[in-house]
Amino acid sequence: MKYVLALDQGTTSSRAIVFDQRGAARSAAQKEFPQLYPQPGWVEHDPEEIWRSQLACARQALAKARVRPGDITAIGVTNQRETTIVWERSTGRPIHNGIVWQDRRTAAACERLRSEGWSERVRAKTGLVIDPYFSATKLVWILDNVPDARTRAERGELAFGTVDTWLTWKLSGGALHITDASNASRTMLYDIHANRWDEELLDLFGVPAALLAEVHASSEVYGHCLRNVLGAEIPIAGMAGDQQAALFGQGCHSAGMAKNTYGTGCFLLLNTGERAFSSREGLLTTAAARIGWTGRPQYALEGSVFIGGAVVQWLRDGLGILKKSGDVEDLAASVPDSGGVTFVPAFTGLGAPHWDPYARGTIVGLTRGSGAAHLARAALESIAFQSAGVLAAMQRDAGISLAELRVDGGASANDLLMQFQADLLGVPVVRPRILETTALGTAYLAGLATGVWKDLDAIAAHWQESARFEPHMSRDAAEARMAEWSRALGRAGNWAPREQGCLP
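Everything numeric here is computed off the predicted structure, so don't read it as measured data.

Enquirer: Honestly, the sheet that holds strand β13 (residues 219–224) in this entry has me stumped. Any pointers?
Expert: Two strands in a sheet stick together by hydrogen bonds in their backbones, pointing the same way (parallel) or opposite ways (antiparallel). An order of β3-β2-β1-β5-β14-β13 is seen for the six strands of this open sheet, with the pairing classed as mixed. Only two strands of the sheet have a single partner each, and these edge strands are β3 (25–32) and β13. Strand after strand, the sheet turns through a mean of 25 degrees between neighbouring axes, direction not considered. Summarising the sheet, strand β5 (residues 72–79) and strand β14 (residues 235–241) pair through five bridges and their orientation is parallel. Residue pairing in the sheet places Ile-75 in a bridge with Ile-236 of β14. Each of β1 (3–9), β5, β13 and β14 touches helix α6 (residues 163–171); the most contacted strand, β5, lies at about 145 degrees to it.

Here it is in structure tokens:
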């Protein structure tokens, strides 16, 4: 039996899973780490805490699987995307906390770029909208606000990376400064058509090229993990941003297949094959996971919901109406509906297709009879409403109608949420037997590069359905609910004062 270790570094926790060659999880470990909020609208992570939590999970997963490090054929890395880290090449020490993808501190800078007419040029090259979500303006903020950072970057003393790059640097003891196309395509510095860092964009943002990692395919042997890290020199052979990894792990390998991941945020991706669609609906064109030996690019349309499962964490930690996140389904199911309450969880602005960094969280429709259960139900419904809006825009863009939506991520285990999602969409929602498809996707990528699986057909054969949710709501009723949601969005939009950037 061959084994692959998947490192899945997420926004609120790090995970590690050992998969065998049948695609079955032999063990798993998970560890949450602190979220840092220096100011309203700002979100940071300690890069060293990311590494410590990920390393601890990897070691624990190996111990629980009862396999020796030398029995691991390959390591795959998948990660929260866009989160921006800069560190010293000589010491490996970060010069600032990582600025997380949710962070909105550069909203004013992005607005200036849009007002100067750069939107179409940036979209044409990167497939992205100009927004604080992406790495470029976060990187510029670090260079401009950490003493001597820009000067040191120009001298080649500093390295920039998203979390995949940071982890492979640490695994390899600094031997690897790499990323893959799926992660590079989220920086707003990478030309997804020419498949290279773009000089014009580097000049526009003022980013020294010396900071940048080498861009590789998502499935190839990049180098090795040091023996003193996990106990053996294990090939590092798979790398993809979390959503592209989930698309791959869901078996969505051909054009026209789509998945939605319900994690901290929600991310709906539609595989468009070798064609990079230009969105008219506020969606993103992004690089999908690329297999090294094919030499062919792969693309996807993507819609990003910033606050998905994180709204349940807020009910737990912010309001204290849940003891644990898993309690939300029972609480929400204790009432027949939300009692007219609609919750727009725009804590850090709105993502696709709205792209409003000034939107803020809003609860409307409260009455004297509203209670914790109604709020819990409205919170779950908000996840489905946002995803339905993204999928509608995606179908208009690509000119297709989906036959089904494959789902994964922690919140997809919530039957109430999945049924409401199917009701809104009017198509079946299909949940696989393995929900951790992000980790599975990067395991497949690493295993393809090292002979654990011979081809895509072998991987697709492992995918199995666990549950199917058929729509029960009438289309008139679904449209009425979506209309209510649109009214609530209007209340939440453009709330934070622009003269204060993204801060309330």
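Enquirer: Before we go on, may I ask you to explain the environment of Thr-437 in this structure?
Expert: The residue Thr-437 is located in helix α15 (residues 437–449) in this model. For Thr-437, a relative accessible area of 1% puts it in the buried group. Sequence separation between Thr-437 and Arg-481 is 44 residues; the distance between their C-alpha atoms is 30 Å. Sequence-distant contacts of Thr-437, defined by excluding residues within four places in its chain, comprise Ala-245, Ala-246, Gly-249, Gln-250, Asp-408 and Pro-432.

Enquirer: Where do I start with the packing of aromatic side chains in this structure?
Expert: The way to describe two aromatic rings as a pair is by their centre distance and the angle between their planes. Inspection of the entire model under this criterion finds 18 aromatic pairs. The rings of Trp-101, Tyr-133, Phe-134, Phe-267, Phe-306 and Trp-355 are connected pair by pair, giving a single aromatic cluster. Between the NZ or CZ atom of Arg-290 and the centre of the ring of Tyr-299, over which it lies, the distance is 5.4 Å. Over the face of the ring belonging to Trp-463 we find Arg-406, whose NZ or CZ atom lies 3.7 Å from the ring centre.

Enquirer: Is there a simple way to think about α15 in this case?
Expert: Since the α-helix advances by 3.6 residues per turn, residues separated by three or four positions end up pointing in the same direction. If you check α15, its first and last C-alpha atoms are 18 Å apart, about what 13 residues at 1.5 Å a residue would give, namely 18 Å. Burial of α15 is extensive: twelve of the 13 residues sit out of reach of the surface. Regarding α15, the residues found buried are Thr-437, Thr-438, Ala-439, Leu-440, Gly-441, Thr-442, Ala-443, Tyr-444, Leu-445, Ala-446, Gly-447 and Leu-448. Positive phi shows up at Gly-451, right after α15, with a value of about 85 degrees.

Enquirer: I'm lost on α6 in this one. Help?
Expert: For α6, the buried fraction is high: eight of the nine residues fall into the buried class. Of the residues making up α6, those classed as buried are Val-163, Asp-164, Thr-165, Trp-166, Leu-167, Thr-168, Trp-169 and Leu-171.

Enquirer: Looking at this structure, I do not really get the nonpolar core. What am I missing?
Expert: Nonpolar side chains in soluble globular proteins generally cluster together in the buried interior. Leu-189 and Val-207 are the most contacted members of the largest nonpolar core, which totals 105 residues. Considering every element that reaches this core, the biggest residue donor is helix α13 (residues 372–398), with 14 residues. Setting aside its immediate chain neighbours within four residues, Val-207 contacts Leu-139, Val-140, Leu-189, Leu-202 and Leu-212. Judged by nonpolar contacts, the second largest core, of 37 residues, contains Ala-16, Val-18, Ala-29 and Ala-159.

Enquirer: Explanation requested: the sheet that holds strand β17 (residues 284–287) in the structure shown.
Expert: Pairing within the open sheet is mixed, and its seven strands lie in the order β17-β18-β16-β15-β21-β22-β23. In the strand order of this sheet, the two ends are held by β17 and β23 (465–469), each with one partner. Averaged over neighbouring strand pairs, the angle between their axes works out to 30 degrees when direction is ignored. In this sheet, strand β21 (residues 405–408) lies alongside strand β15 (residues 258–262) in parallel orientation, the contact comprising three bridges. Counterpart to Lys-259 in the pairing with β21 is Arg-406.

Conventions adopted
Residues numbered from 1 in each chain as written. Predicted model: local features only at pLDDT ≥ 70, side-chain atom pairs only at ≥ 80, totals over all residues. Heavy atoms only, no water. Pairing = 2+ DSSP bridges. Helix = DSSP H or I, 4+ residues; strand = E, 2+ residues; numbered from the N terminus. Axes fitted to C-alpha atoms, helices over the stretch in contact; angles between N-to-C directions. Contact = heavy atoms within 4.5 Å. Buried < 20%, exposed > 50% of the residue type's maximum accessible area, 1.4 Å probe, protein only. Phe/Tyr/Trp six-rings, centres within 6.5 Å; stacked < 30°, edge-to-face > 60°. Lys NZ or Arg CZ within 6 Å of the ring centre and 35° of its normal. Expected span 1.5 Å × (residues − 1). Core = buried A, V, L, I, M, F, W, Y, C linked by side-chain atoms within 4.5 Å.

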